[in-house]
Number of protein chains: 2
Amino acid sequence: MDQTARIALDVMGGDSAPACNLDGALLAVERGVPAERILLVGDEGVIRDGLKDRGGDPGFAVLHADEVIGMDEKPAVALRAKPGSSIGVATGAVKSGLAGAHVSMGNTGAVVGAATVGLKTLEGVRRPGIAVTVRLTGKPVTILDMGANVVPKPEHLVQYGHMGAVLMRDVVKTEKCRVALLNIGEESTKGTDLLREAHAALTESELDFIGNIESNQIFGDSAEVVVTDGYTGNVVLKLMEGFSGFLLTMVGREMAAHGADWAHEVLGNVRKKVDYSEYGGALLLGVRGVVVIGHGRSDAHAVSNAIELAGRALDADVNGKIVQGLADRAPSA
Amino acid sequence: MDQTARIALDVMGGDSAPACNLDGALLAVERGVPAERILLVGDEGVIRDGLKDRGGDPGFAVLHADEVIGMDEKPAVALRAKPGSSIGVATGAVKSGLAGAHVSMGNTGAVVGAATVGLKTLEGVRRPGIAVTVRLTGKPVTILDMGANVVPKPEHLVQYGHMGAVLMRDVVKTEKCRVALLNIGEESTKGTDLLREAHAALTESELDFIGNIESNQIFGDSAEVVVTDGYTGNVVLKLMEGFSGFLLTMVGREMAAHGADWAHEVLGNVRKKVDYSEYGGALLLGVRGVVVIGHGRSDAHAVSNAIELAGRALDADVNGKIVQGLADRAPSA
């Protein structure tokens, strides 16, 4: 197997690591990902023992990493203090061509920091962005940036539109790739200077730009890609997570009062639809390598989804297509 | 009755105007608001006929307004083109002392625009802000600004914290008035320059400032007042509205599959808890007068809530307390 087609899995990252990751890797193999495509990164003893406990090693590659960055450590500090962390080693594996993708349920800031510093940005890309695909209405929508770039420039937002459209077309395989700008009104004059300038630049771009949408329209069939700055994107993602958890708990309590034994099933079905880990996690787009950032509380199912997403992104050559698309956009550059 | 204790109700504003407003005014009287405290503003013929159809006039004051600003009209344009609109006339009534409060379910931008231009800002207040109180967890939380000030300065955010705390202490009557800054992490170094500077200024203020909170923490028992810029606040409010509607519809569909005849009741109970009009709408804080902005789709119940909120804000002298508090903060000014 071509090593750059391999997926480095940070075995030590996540609230239930290493169990969730080992279970997730095995589940991914069950679902059809070749074991030799997965490079397990972490404490080799822990990995070997963990696989033994789970019935043996189906043929994973293993890369030892001495250290672990905790979920609550400060990313920049931890990355400097622990050069041998599983996040650092997995990022290094992508950098040196031992793998093409890094999948981690660990400290998001550390994964993004390691990738931003360790892997260079793709040719033509100004700033990486975190893309999260949700399937709230059955129909996938990608929102980016989710926090990599808190104070972007208008051109960054245009590039996010471009990268998001490539993701939707080539990895998620949607028919349309309509791009919208998150704003507080439809008119092009709404919002901040950044939003007005981004609106103008997106209008001039070759993207299928449909204009501004308001946050409640994310749930309608309005756009496949919603572009926003990393501050707002982070607020939106965490609000959706927190609010859905809160609302569904409230609904569950009301239903419990009626003693419905199927309440659990109803809530589970809805929870699945709003859980973005169902789609495999977030992608850091714009760096030389595929980087998938899962939720800390991921279970084996979510880890397997994340591995499969990384595989699809590699197979679709999403980064090659991003670079090609940017080059086509700017022939004079 | 002191005219400045009166509440001017824009009878013509809202998706179901004038019916929802006339019904709402009558409901407010039923609930104990003296009829002579309510000044109905709108087409006098429509108002008189509407009251006749509803069993008569319990003693409302009426102020005629020739024109109506539609829900979808551009606020600035409409306000200039229709000086005799119910929104314009009601604002004028507050300005001239014919009333102390303006309550409208109409075009939000026009209500805010009329108030910002027509009523001056309170002494010491730099910029008005829209405060929305939600009672998601049973416990009220006020979020501001919800869209009046899209690009605020750090000092505006400090003033929003102050105004929100007065609202909670004196109108909502909460025990604590903890103020938090909406951000994407707890550390004071997180976010944009605005947020870092606001964090420093809030820390130095006399407010009970608990630091940054993330958007998912709005639903926890963390703060009574959440301060943010008008862009983010607007995104948050509309996301909560859109997402709760979307989620509850999805839950309803799942429940319908089980044929539960109480599904409607469960969803209704949850909807009520997340609906901010249950609390009476949004308050535009910082102008010389009490301005309550209800939702366009308000029913009589929501209109009555909005009237009662305006009454409580007047009775508590919320504006006097805001001015006094700001003066106490800056003795050298």
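(A) Main features of the packing of aromatic side chains. Residues and elements named next belong to chain A. Counted under the stated rule, the structure contains seven aromatic pairs over all chains. A ring pair is formed by Phe-243 and Phe-246, whose centres lie 6.3 Å apart and whose planes are at 15°; its orientation type is stacked. Separated by three residues within a single helix, Phe-243 and Phe-246 lie in helix 8 (residues 230-256), roughly one turn from each other. Of the residues examined, Phe-246 reaches a relative accessible area of 15% and is grouped as buried.

(B) Focus on the packing of helix 8 of chain A against helix 9 (residues 263-274) of chain B. Contact geometry of helix 8 of chain A with helix 9 of chain B gives a least axis separation of 9 Å together with a crossing angle of 140°. Comparing the axis directions of helix 8 of chain A and helix 9 of chain B gives the class oblique. As helix 8 of chain A packs across helix 9 of chain B, the resulting crossing turns out to be right-handed. From helix 8 of chain A, Phe-243, Leu-247, Met-250, Val-251, Glu-254 and Met-255 of chain A reach across to helix 9 of chain B, where they touch Val-266, Asn-269, Val-270, Lys-273 and Val-274 of chain B. Tallied by class, the residues present in the contact of helix 8 of chain A with helix 9 of chain B amount to eight nonpolar, one polar and two charged.

(C) Quick peek at the interface of chain B and chain A. With 46 residues of chain B in contact, the opposing surface of chain A contributes 46 residues. Note on chain B versus chain A: buried area summed over both sides is about 4,300 Å², and carbon and sulfur give 78% of it. Contact with chain A buries area across many residues of chain B, yet Tyr-231, Leu-239 and Phe-243 of chain B alone supply 16% of it, more than any other trio. Where chain B packs against chain A, one counts two salt bridges. Where chain B touches chain A, the interface holds eight residue pairs in polar contact (both at pLDDT 80 or more). If you list the elements that add at least two residues to the side of chain B that touches chain A, you get helix 8 (230-256) and helix 9 of chain B. In terms of residue count, helix 8 of chain B provides more of the side of chain B that touches chain A than any other element does, 18 residues in total. Considered class by class, the residues forming the side of chain B that touches chain A number 25 nonpolar, 13 polar and eight charged.

(D) Main features of the pairing of strand 1 (residues 7-10) of chain B. All names here are of chain B. Going residue by residue along strand 1, you find Ile-7 and Leu-9 tucked away on one face and Ala-8 and Asp-10 tucked away on the opposite face as well. Relative to strand 2 (residues 38-42), strand 1 runs parallel, the two being bridged by four bridges. Counted as the bridge partner of Ile-7 is Ile-38 from strand 2. Running through helix 1 (residues 19-30), the crossover from strand 1 to the neighbouring parallel element strand 2 is right-handed. Strand direction decides the pairing type here: strand 1 and strand 4 (residues 101-104), joined by three bridges, are parallel. Looking at the pairing, Ile-7 lines up with Ala-101 of strand 4.

(E) Geometry of unusual backbone geometry. Backbone torsion omega between Ala-17 of chain A and Pro-18 of chain A reads 0°, so that peptide bond is classified as cis. Tracing the backbone shows Pro-18 of chain A in the loop between strand 1 (7-10) and helix 1 (19-30). Looking along the chain, the bond that leaves Leu-144 of chain B and enters Asp-145 of chain B is cis, with omega of 5°. Inspection of the secondary structure assignment puts Asp-145 of chain B in the loop between strand 6 (141-144) and helix 6 (154-172).

(F) Structural detail: the domain arrangement of chain A. Residue and element names in this part refer to chain A. Taken as a whole, chain A is organised into domain 1 (3-122 + 286-315) and domain 2 (129-275). Here the C-alpha centroids of domain 1 and domain 2 sit 26 Å apart. Listed per partner, the contact involves eight residues of domain 1 and five residues of domain 2. Each partner contributes to the roughly 480 Å² buried at the junction of domain 1 and domain 2, and carbon and sulfur atoms together form 68% of this total. When the buried surface of domain 1 facing domain 2 is broken down by residue, Val-112, Gly-286 and Arg-312 rank first, second and third, together holding 47% of it. Viewed at the interface, domain 2 and domain 1 are joined by one salt bridge. For the salt bridge of Arg-297 with Glu-241, the shortest nitrogen-to-oxygen distance reads 3.8 Å. Along the contact surface separating domain 1 from domain 2 lie one residue pair in polar contact (both at pLDDT 80 or more).

(G) Region of interest: helix 6 (residues 154-172) of chain A. All names here are of chain A. Over its 19 residues, helix 6 runs 26 Å from end to end, which matches the ideal 27 Å to within 8%, given 1.5 Å per residue. Taking burial as the measure, the 19 residues of helix 6 include 17 buried ones, the bulk of the element. A positive phi of about 65° marks Lys-173, the residue just after helix 6.

(H) Seen up close, the packing of helix 6 of chain B against helix 11 (residues 318-329) of chain B. Residue and element names in this part refer to chain B. Direction vectors running N to C along helix 6 and helix 11 enclose 130°, while the axes themselves pass 10 Å from each other. What the angle tells us is that helix 6 and helix 11 run oblique. Crossing of helix 6 over helix 11 shows right-handed handedness. Judged by residue contacts, Glu-155, Val-158, Gln-159, His-162, Met-163, Val-166, Leu-167, Arg-169, Asp-170 and Val-171 of helix 6 engage Val-318, Lys-321, Ile-322, Gly-325, Leu-326 and Arg-329 from helix 11. Broken down by class, the residue content of the contact of helix 6 with helix 11 amounts to eight nonpolar, three polar and five charged.

(I) A look at the side chain of Asp-10 of chain B. All names here are of chain B. As for its position among the elements, Asp-10 is in strand 1. Among buried charged residues, Asp-10 stands out as having no salt bridge; its nearest opposite-charge side chain is Lys-82, 12 Å away. Within the structure, the side chain of Asp-10 is placed 2.7 Å from the side chain of Ser-104, a separation counted as a polar contact. With sequence-adjacent residues up to four places away left out, Asp-10 is seen in contact with Asn-21, Val-41, Ser-86, Ile-87, His-102, Val-103, Ser-104 and Gly-106.

What counts, and at which threshold
- Residues numbered from 1 in each chain as written.
- Chains lettered and ligands numbered in written order.
- Predicted model: local features only at pLDDT ≥ 70, side-chain atom pairs only at ≥ 80, totals over all residues.
- Heavy atoms only, no water.
- Phe/Tyr/Trp six-rings, centres within 6.5 Å; stacked < 30°, edge-to-face > 60°.
- Helix = DSSP H or I, 4+ residues; strand = E, 2+ residues; numbered from the N terminus.
- Buried < 20%, exposed > 50% of the residue type's maximum accessible area, 1.4 Å probe, protein only.
- Axes fitted to C-alpha atoms, helices over the stretch in contact; angles between N-to-C directions.
- Parallel < 35°, antiparallel > 145°, perpendicular 65-115°, else oblique.
- Left-handed = near helix turned anticlockwise from the far one by under 90°.
- Contact = heavy atoms within 4.5 Å.
- Nonpolar A, V, L, I, M, F, W, Y, C, P; charged D, E, K, R; others polar.
- Buried area = accessible area lost by both parts, 1.4 Å probe.
- Salt bridge = Lys/Arg side-chain N within 4 Å of Asp/Glu carboxyl O.
- Polar contact = N/O pair within 3.5 Å; in protein donor to acceptor, adjacent residues only side chain to side chain.
- Pairing = 2+ DSSP bridges.
- Right-handed = clockwise from strand over helix to strand, strands pointing away.
- Domains from an automatic or database assignment.
- Expected span 1.5 Å × (residues − 1).
- Lys, Arg positive; Asp, Glu negative; His and termini not counted.

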